[in-house]
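# Structural overview
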Amino acid sequence: MAHTAMSGSGTTEGDDPLQTAVWRLRSRACWADAAALLAPVAGDPPAAVQRASLLIERCLYTESGWAEAEDALRAAEAVARADEDRGAAACERGYLAYAATLHGVRDRADEARAALGRAAALLGPSSPGRALLDFRRGLLAQYLADNPQAARAAYRRAHAGATAQGDALLLSFTWRQLAGLALREGELAEARHGFAESLRLREELGYLVGTAPALAALADAQPEPEASRLRDEARRLFRLLDGVPTWLADRLAPAAAA
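Keep in mind it's a predicted model, so treat the numbers as computed, not measured. (Residues numbered from 1 in each chain as written. Predicted model: local features only at pLDDT ≥ 70, side-chain atom pairs only at ≥ 80, totals over all residues. Heavy atoms only, no water.)

## Here's the deal with unusual backbone geometry
When glycine is set aside, most residues are seen to have a negative phi, and most peptide bonds are trans. Looking along the chain, the bond that leaves Glu224 and enters Pro225 is cis, with omega of 5°. Tracing the backbone through its elements, the reader meets Pro225 in the loop between helix H11 (211-219) and helix H12 (226-240). One non-glycine residue, Glu63, lies in the positive phi region at around 60°. A positive phi angle, close to 55°, is found at Asp242, a residue other than glycine. With respect to the element layout, Asp242 can be found in the loop between H12 and helix H13 (249-257). We classify Asp242 as exposed; its relative accessible area is 72%. (Helix = DSSP H or I, 4+ residues; strand = E, 2+ residues; numbered from the N terminus. Buried < 20%, exposed > 50% of the residue type's maximum accessible area, 1.4 Å probe, protein only.)

## Looking at the confidence of the model for the protein
On average, residues of the protein score 92 in pLDDT, and 92% of them are at 70 or above. Here residues 1-8 scores under 50 on pLDDT; set against residues more than four positions off or in separate chains, the count is 30 contacts. (pLDDT = per-residue confidence, 0-100. Contact = heavy atoms within 4.5 Å.)

Below, the structure is given as structure tokens:
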């Protein structure tokens with residue numbers, strides 16, 4: 001998450017206690033509870049953006065809560081004054097529109113592109129939110145425009161930015177997406193390395209809700225019996241989190257039926 005109301009993101013020792021509590025809830029798929037912790041400080045622009053981002057992430061993982069996320073995002077847009085805060089809110093606007101399009105709620109692809117373009121105009125090259133923006137532009141290129149070349153370039157920019165900032169969570173996402181593109185091109189060794197790095201980072205961070213997808217992704221690049229072992233572990237975590245993320249169900253169901 002690019003913007004936080006307090007110090008740190010809650011993933012390392014010494015971070016603000018509020019951020020640590022928010023992270024623990026977020027990592028266990030308790031986005032509404034995490035957002036509620038930020039409600040008292042949501043008049044502060046970075047906190048308002050962070051609160052909206054939590055509820056938008058819930059939409060992506062659960063395919064629910066769209067209205068609440070929209071309300072939180074509007075609140076963040078209303079209190080944003082500086083370019084950095086307005087850019088961060090625009091980045092979240094683009095991500096919400098992307099999620100709605102991806103899950104077939106409503107085609108908001110044009111809105112997603114426009115919002116991320118607005119964010120790019122507001123966030124300078126050295127902005128802490130630039131790496132996240134680059135990553136999300138990669139998602140649009142890959143999943144909405146079917147342009148893997150543009151997606152790879154955006155992911156690589158995001159990866160470099162996340163590395164420079166020491167953003168381990170974002171790195172877990174860039175590793176995974178770059179590995180997915182490598183797998184698509186038959187580059188198995190590169191794919192396995194990227195998926196393994198993504199899984200390692202998520203396990204180290206305790207990002208439980210993102211660990212099952214990372215296990216399933218690595219399984220796709222592994223031979224048997226390792227692939228089945230990884231999918232079994234992914235299935236266990238999926239059940240532990242009551243079927244979140246929802247979009248993982250189809251990928252795990254065939255093996256479960258077998």
